[in-house]
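# Per-entry structural report
Now for the letters of each chain:
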Amino acid sequence: MSATVEQADKIIEDSALAEEDLLDELEDEEIPHSIREARLSQLKKMSADFKQMKEQEHGKYTEIVEEKAFLDMTTSVDRCVVHFFHPDFRRCGIMHDHLAVCLLS
C-alpha cells in the first residue's frame, strides 16, 4: 500500500471512531431531558415542514400557463422562483437548463 492510501484509511477509521463515540455519548443520559425533547420536537417540525413542501410541489420545475394558477401559486407561498420563458430567446433556454440543474442538486 502506498502512504497516501494508508493515510486515507487512517482518516476514515478515525472519523468512523469519532462518529461511534458521538453516538455512544448521545445514548448516555448526560443530555438533559428538556434539551432532548426540544430537539426532538424541532426535528418533528422540520419533518412536517418538508412533507408539506413536498405536497405543495416545492422543488419542482413546472410550466404554468394560466394566469390564475400562476397568481394562486406565487401568492400562497413565502418564496418562489419565477422564470418567464419564451422559446424564441436563446437565453431563456440557457436559464431553463440552469434551473433544471439546480433542481437536481
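Since we're looking at a predicted model, the values are computed, not measured.

## With respect to the confidence of the model for the protein
Residues of the protein with pLDDT of at least 70 account for 70%, and the chain-wide mean is 77. Between the elements of the protein, mean pLDDT differs from a low of 61, seen in helix α1 (residues 3-27), to a high of 88, seen in helix α3 (residues 67-75).

## A short note on the layout of surface pockets
When its volume is computed, the largest pocket comes out at roughly 1,200 Å³. For the largest pocket, the lining is made up of 29 residues, of which Lys60, Thr62, Cys80, Val81 and Val82 are closest to its centre. Here the element with the most residues in the lining of the largest pocket is helix α4 (residues 90-104); it accounts for four residues. Taken together, the residues that form the lining of the largest pocket break down as 14 nonpolar, nine polar and six charged.

## Observations concerning the pattern of salt bridges
Side chains that differ in charge, positive against negative, can pair when their charged atoms come close. Per the counting criterion, the structure on display carries two salt bridges. Residue aspartate 49 pairs with lysine 45 through a salt bridge whose shortest N-O separation is 3.1 Å. Of the two residues, aspartate 49 and lysine 45 both sit in helix α2 (residues 33-55), four residues apart, roughly one turn of that helix. A relative accessible area of 53% places lysine 45 in the exposed class. Put simply, aspartate 72 and lysine 68 hold a salt bridge, and the shortest N to O gap is 3.3 Å. With aspartate 72 and lysine 68 both in helix α3 and four residues apart, the pair spans about one turn of that helix.

About the criteria used
Residues numbered from 1 in each chain as written. Predicted model: local features only at pLDDT ≥ 70, side-chain atom pairs only at ≥ 80, totals over all residues. Heavy atoms only, no water. pLDDT = per-residue confidence, 0-100. Helix = DSSP H or I, 4+ residues; strand = E, 2+ residues; numbered from the N terminus. 1 Å grid on protein atoms, 1.4 Å probe; cavity = no way out; pocket = protein on both sides within 12 Å on 5 of 7 lines; lining within 4 Å. Points joined across faces, edges and corners; volume = space filled by probe spheres on them. Nonpolar A, V, L, I, M, F, W, Y, C, P; charged D, E, K, R; others polar. Salt bridge = Lys/Arg side-chain N within 4 Å of Asp/Glu carboxyl O. Buried < 20%, exposed > 50% of the residue type's maximum accessible area, 1.4 Å probe, protein only.

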